[in-house]
Amino acid sequence: MKNTQYIYQADQWDKPLQLDIEVRLVLLFGCKTFSQNNHCIEQVRAAFPNAEIIGCTSSGDIAGNCLYDESLIVTAIEFSTTKIRIAWRSVIGDDITNVCNELAAELPKDELKYALVLSDGHSINGSELVSALVAALPEQTILTGGLAGDGMRFKETTVWYNDKSEQGRVLVCGLYGEDLVIGHGTKGGWDPFGPVRTVTKSKANCLYQLDGKPALTLYKDYLGVYAEQLPASAMRFPLLLTDEKNNSTEVIRTILEINEAEESMMFAGDIPEGAKAQLMRANFDRLIDGAEMAAMQASAEINASQHSLVLLISCLGRRVVLNQRTEEELEAVVEELGTEHCYCGFYSYGEIAPLTYGEKSTLHNQTMTITIIAERNA
Amino acid sequence: MHSLLARILRKQGHGIKVTPEMAGFLDHISEAFDQADDDRKMLEHSLQLTSNELNDINGKLNNQLEQVKGFQHETENMLIKQKALLDASPEAMFSFNLAGEIVQINQSGCDFFNKEEIEIVAMTGEDVLVMILKKVLEPDEFLAKINPMFNSKHARLHGFINTLDEKTYEYYSVPELAGDRYIGRVWCCRDITNIKRQEALLKYRAYHDTLTDLPNRTFLIETLEKNIILSERNKARMAVIFIDLDDFKKINDTVGHAAGDNFLKTITIKLNRILRKGDVLARIGGDEFVLVLESRNEGELYEEFDTAVKRLLAVFQSPFIVKGKRFVVTCSAGMARFPEDAKQANELIGKADMAMYQAKRQGKNKVVMFDSSLEENIQHRIYNEEKLHHAIKNKEFVLHYQPQIDIKTGNLIGVEALIRWEISHGELIYPDQFIGLAEEMGLISRITELVLETVCERREAWRTIPTLANVPISINLSALDFNNDQFIQNVFEIMGTYNFDSSLLEFELTETAVFDDLEKVRNVLSKLKQHFVKIAIDDFGTGYSSFSYLQDLDIDYLKIDKSFVQDLQQNKRSVAIVKSIIDIGVNLGLTVIAEGVETEEDAAFLKAHGCHIGQGYLYSKPVPEQQLIAYAADLLSLLECDIDNQAKR
């Protein structure tokens, strides 16, 4: 396995693109501007004529232990034995379960070890997407990925597939091969605080009331002066949900949008009525520890080779809080896993991965989600 | 630039040259200071809000806690009250948990098990079951009764248990359900021992006579019905003996009802002694008893019957001493047999009753066996009863009159009115054939009144007949007339209606009537005497012939019974009796009337010994009114002729 990374920023590449006909997969993460910049994409296509080019817009791009904005990170992957298969579909105006079934149907099930999902992060209910995909894909297939970002704007996200870049799209990249090894880890590092509240009014991923009071008012109270920066500032207080009807599973939800007229808030995943909710706050050290623990978890089950690709999908909420210190979590990951790997990724509107090994994938918020893709004997 | 960074630069940054690169660097540091400040402010703000929220929640929780304490207090009070309520109940109540342990029990429940509450609630389910089974009389039966409870937790049980301490409990058991959730079972046990005893007593009372404790009519009928079914099945035979005491009334009248009751108890004891096993003796009326004898074959039955009858009559052989007085009380009894005479309980008793009546008619102190002719007689009697009712309603009676003659002068001195029932076409029935029936039917006073009415009416007619205008007329009274309080009132009313000269009226009453209730008779006679009505004692010498009442009562005539007079020529004793009665009458200042004077010799004897009046066939038999009128006229002319002849002589 061979990975080559290029960074495009301020109208120039960090190094000239080298033609490589062996590259089978190119990952693109970047600013929404590049979705309209065909020139850049054409250059990538020219350099890697035999590759499937996939990616999505972000709220910050990761290469190595650095964070980039207004950039495009290109990671060209040359697999030894691993085969890939891509499926992509629009979910606009269609039932998400149907879409997921169609996506899964396009991927041969045999030896489908891993599926990377990249999805529109704005117009899709992430929880529903993940549960539908999990249901449609083979049980042994590991599913990780993330929801595309749009900086702090929360306006429009797109998914790339070769020369196309469209909203409302879901892309699944299936990886096949005996040598393929996948490690994954997901950690948050947020601390719940304040009273435990009850979701008294909600619909799917839209929250109206907590303890019979408007949830938006509560957030505004807590955000104080930052209320003006809603919905982005609400990332500072993600919600810890405990659904007692569903085995008391704990999930963290971040806000995607607000509706002032309805005094409602839209989250990246479902907010079931009756669930217990508690505000969470950041603790810098714990967030950075969380990233480190995610790395440890991702590497725990595999014996990664030197040429592994490490895919980092972290939540925009972490970035909002860590601010200047955002790269510390990237450094913590690289320090844990070593500099010999190729690190790429992005800050997202939602992370997808199993919480631990053997579990089914779910949608996360406010986590650092790490996927290590490696090939044995490579 | 962040104020802190600006201050540091101002104080410590001497010599630092701010190049464009340095400015960018310082901007980053300033931004980091700002970020730290913002984070701190955000944290402080959050802490403050959280603190406020938590304080708010804490306040609410404190309020809720106060409320809960209030509820707890109320609940405790309620529980105490409920406990007291349960303890006040005489019903044993206990509640089981799922493990079959008693978790709640009231005082009566503790008393039921004869244990302390603390002891009971500490027992295991198994121990509790053992404790219960040790208490009940039939544990296996009890387990079978409560078995549905083990099959279905929702089963509701109700039943009765008898315990070893000879008590009966009624129990209810219902599941304790919290919604659909079964959380245990509650039992209530009510001591109904006294109720059961009371029920048994009431049932006993319903079937037994309170005075003698013998089975009553209801018991008799039911037993007889059962025995009939058994006898039919076993081809067995039975005899029903209806017993009625003769002259029991004497005891009640003489020594009082309490003594009469005691006498009945004594009789019961004596009758019980003659019973064999399986015989039934019941008391079905004041002095009426029924004896049921059972046998398997005819021969044996008759032998048994004979023996039973002998024993029965033997009970009454000797006189009884009640309150120091000696009474001869016998019994009349009738027997009916199953299946020959009847196959129904009531019919058997009815036929035995008929036979008993026959025994009474035949002179009492005997047992008569039912036969179909008796039934015919009874039917005849029923026919007669209906006829008699009809006769009274239609006044089908006529009066015949028998003259009473002054023995010395031969003058008509009075007439006795005698009733005849004219059934059809002039066919007459005499009083001895229907007066008894009328007395039994309670119609006698009405008949007496009819006689009086006719007498009053005829006397009115006789005013124009000189020979009868001033002749007194006598009417027979029944002893029962004295028992009828309304009767005397009616007599005066009738006389008032006809404006009847009551001094011309005589009432004849028998010694028996006098003897029944002397005081009452005295009162009635006193009232009659106030209206100048004359009183005669009829059939004197055949009854009790006590001198005391002759002295006590204001009477006018003594009538010597015709049996003595008719016997005068043949029987010296009769002569003596007649002479004595005349002497008594004369000595007491009474007018003596001799009945049954049939010959001149009788008349001569009576005249010789001072008897005042004669009545009999010598003078005239009882005759219809027209014949009486003719007789009176003839007698008068005869007497006038005699006077003329004497004058001529």
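Keep in mind that this is a model prediction, so the values were computed, not measured.

**Student:** Whenever I open this one, the overall build of chain B confuses me. Can you help?
**Tutor:** Tallying secondary structure elements over chain B gives 25 helices and 21 strands in all. Taken against the 2.2 N^0.38 rule, which gives 26 Å for 649 residues, the C-alpha radius of gyration of chain B at 52 Å runs more than 25% over that of a compact globule. Each principal axis of the C-alpha distribution contributes one length, and for chain B these read about 215 × 65 × 50 Å. When burial is assessed residue by residue, chain B has 42% of its 649 residues classed as buried. In chain B, once contacts between residues fewer than 6 apart in sequence are set aside, the share between residues at least 24 apart is 60%. Total accessible area on chain B is roughly 35,800 Å²; 52% of this is exposed by carbon and sulfur atoms.

**Student:** I'm lost on the overall build of chain A in this one. Help?
**Tutor:** Looking only at helices and strands, chain A features 8 helices and 28 strands. For chain A, the C-alpha radius of gyration of 19 Å lies close to 21 Å, the compact-globule estimate for 378 residues. Of all 378 residues assigned to chain A, the portion counted as buried reaches 61%. When the accessible surface of chain A is summed, it comes to about 14,500 Å², and 45% of that surface belongs to carbon and sulfur atoms. In chain A, 31 positive and 52 negative side-chain charges are present, and the distance between their average locations comes to 3 Å.

**Student:** So what exactly am I meant to see when it comes to the interface of chain B and chain A here?
**Tutor:** Facing the 16 residues of chain B at the interface are 20 residues of chain A. Summed over both partners, the interface of chain B with chain A comes to about 1,300 Å²; 51% of that surface belongs to carbon and sulfur atoms. On the chain B side of the interface with chain A, the three residues burying the most area are Q35(B), M42(B) and E53(B), jointly 39% of the side's total. Along the contact surface separating chain B from chain A lie 2 salt bridges.

**Student:** When you look at the pairing of strand 1 (residues 92–96) of chain B in this model, what are you seeing that I'm missing?
**Tutor:** The two faces of a sheet get side chains in turn, since along a regular strand they alternate between them. Residues and elements named next belong to chain B. In terms of burial, strand 1 is a largely internal element, 5 of the 5 residues being buried. Here strand 1 shows a buried face lined by A92, F94 and F96 and a second buried face lined by M93 and S95. One ladder, built from 5 bridges, connects strand 1 with strand 5 (residues 181–191); its direction is antiparallel. Bridged to F94 within strand 5 is W187. Across 3 bridges, the pairing between strand 1 and strand 2 (residues 102–105) is antiparallel. Bridge pairing in strand 2 links F94 to I105. Taking the residues that link successive antiparallel strands as the turn, the strand 1-strand 2 hairpin has 5 residues, and the phi of G100 there is positive, at about 80°.

**Student:** Looking at this structure, I do not really get the sheet that holds strand 4 (residues 168–178) of chain B. What am I missing?
**Tutor:** To summarise the sheet geometry, strands pair through backbone hydrogen bonds and adopt either a parallel or an antiparallel arrangement. All names here are of chain B. Pairing is antiparallel in the open sheet, where 5 strands are placed in the order 2-1-5-4-3. Every interior strand has two partners, whereas the edge strands, strand 2 and strand 3 (157–162), have only one. Pairs of neighbouring strands in the sheet enclose a mean axial angle of 25°, with direction left out of account.

**Student:** How do you make sense of the sheet that holds strand 25 (residues 342–348) of chain A when you look at a structure like this?
**Tutor:** Residues and elements named next belong to chain A. Overall, mixed pairing links the 6 strands, which are arranged 6-5-25-24-28-14 in an open sheet. Edge positions in the sheet fall to strand 6 (66–68) and strand 14 (180–187), since each of these pairs with one other strand and no more. Averaged over all adjacent pairs, the angle separating strand axes in this sheet is 20°, with direction ignored. The sheet contact formed by strand 5 (residues 61–63) and strand 25 spans 3 bridges and is antiparallel. The residue of strand 25 that forms the bridge with D61 is F346. Where helix 6 (residues 284–300) meets the sheet, it contacts strand 14 and strand 28 (368–375), and its direction lies at approximately 155° from that of strand 14.

**Student:** Hey, could you run me through the pattern of salt bridges in this one?
**Tutor:** Where charged atoms from two side chains of opposite charge approach closely, those side chains can pair. Counted under the stated rule, the structure contains 44 salt bridges over all chains. Its salt-bridge partner being D14(A), residue K15(A) comes within 4.0 Å of it at the nearest N-O pair. One salt bridge connects K145(B) with E141(B), and the closest N-O pair in it is separated by 3.7 Å. With K145(B) and E141(B) both in helix 6 (residues 139–151) and 4 residues apart, this pair spans about one turn of that helix. Looking at E141(B), the relative accessible area reads 39%, which means it is partly exposed. What you see here is one network of salt bridges that share partners, running through K395(B), R446(B), E449(B) and E453(B).

**Student:** For this particular structure, what's the right way to read the packing of aromatic side chains?
**Tutor:** The description of an aromatic ring pair uses the distance of the two centres, along with the angle that the planes make with each other. Summed over all chains, the structure comprises 25 aromatic pairs over all chains. Taken together, the ring pairs in this structure connect F94(B), F96(B), F112(B), F113(B) and Y169(B) into an aromatic cluster. We note K15(A) situated over the ring of Y6(A); from NZ or CZ to the ring centre the distance is 5.0 Å. The lysine or arginine in question, R236(A), covers the ring of Y226(A), its NZ or CZ lying 4.3 Å from the ring centre.

**Student:** It is not clear to me how the domain arrangement of chain B should be interpreted in this structure. Could you clarify?
**Tutor:** Reports often express the size of an interface as the amount of accessible area lost when the parts come together. By the assigned domains, chain B splits into domain 1 (3–77), domain 2 (89–195), domain 3 (209–370) and domain 4 (388–555 + 619–648). With centres defined by C-alpha atoms, the gap from domain 1 of chain B to domain 4 of chain B works out at 138 Å.

**Student:** Would you mind showing me how to read the pairing of strand 19 (residues 557–560) of chain B here?
**Tutor:** All names here are of chain B. Alternating positions in strand 19 separate into two faces, Y557 and K559 on one and L558 and I560 on the other, with burial throughout. Judged from the 3 bridges that link them, strand 18 (residues 534–540) and strand 19 form a sheet pairing that is parallel. Bridged to I537 within strand 19 is L558. Sheet analysis places strand 19 next to strand 20 (residues 591–595), joined by 4 bridges and oriented parallel. Pairing of K559 across the sheet is with I593, part of strand 20.

Procedures and definitions
- Residues numbered from 1 in each chain as written.
- Chains lettered and ligands numbered in written order.
- Predicted model: local features only at pLDDT ≥ 70, side-chain atom pairs only at ≥ 80, totals over all residues.
- Heavy atoms only, no water.
- Helix = DSSP H or I, 4+ residues; strand = E, 2+ residues; numbered from the N terminus.
- Rg over C-alpha atoms; globule rule 2.2 N^0.38 Å.
- Buried < 20%, exposed > 50% of the residue type's maximum accessible area, 1.4 Å probe, protein only.
- Contact = heavy atoms within 4.5 Å.
- Areas by Shrake-Rupley, 256 points an atom, 1.4 Å probe, with all protein chains shown as cover.
- Lys, Arg positive; Asp, Glu negative; His and termini not counted.
- Charge placed at Lys NZ, Arg CZ, Asp CG, Glu CD.
- Buried area = accessible area lost by both parts, 1.4 Å probe.
- Salt bridge = Lys/Arg side-chain N within 4 Å of Asp/Glu carboxyl O.
- Pairing = 2+ DSSP bridges.
- Axes fitted to C-alpha atoms, helices over the stretch in contact; angles between N-to-C directions.
- Phe/Tyr/Trp six-rings, centres within 6.5 Å; stacked < 30°, edge-to-face > 60°.
- Lys NZ or Arg CZ within 6 Å of the ring centre and 35° of its normal.
- Domains from an automatic or database assignment.

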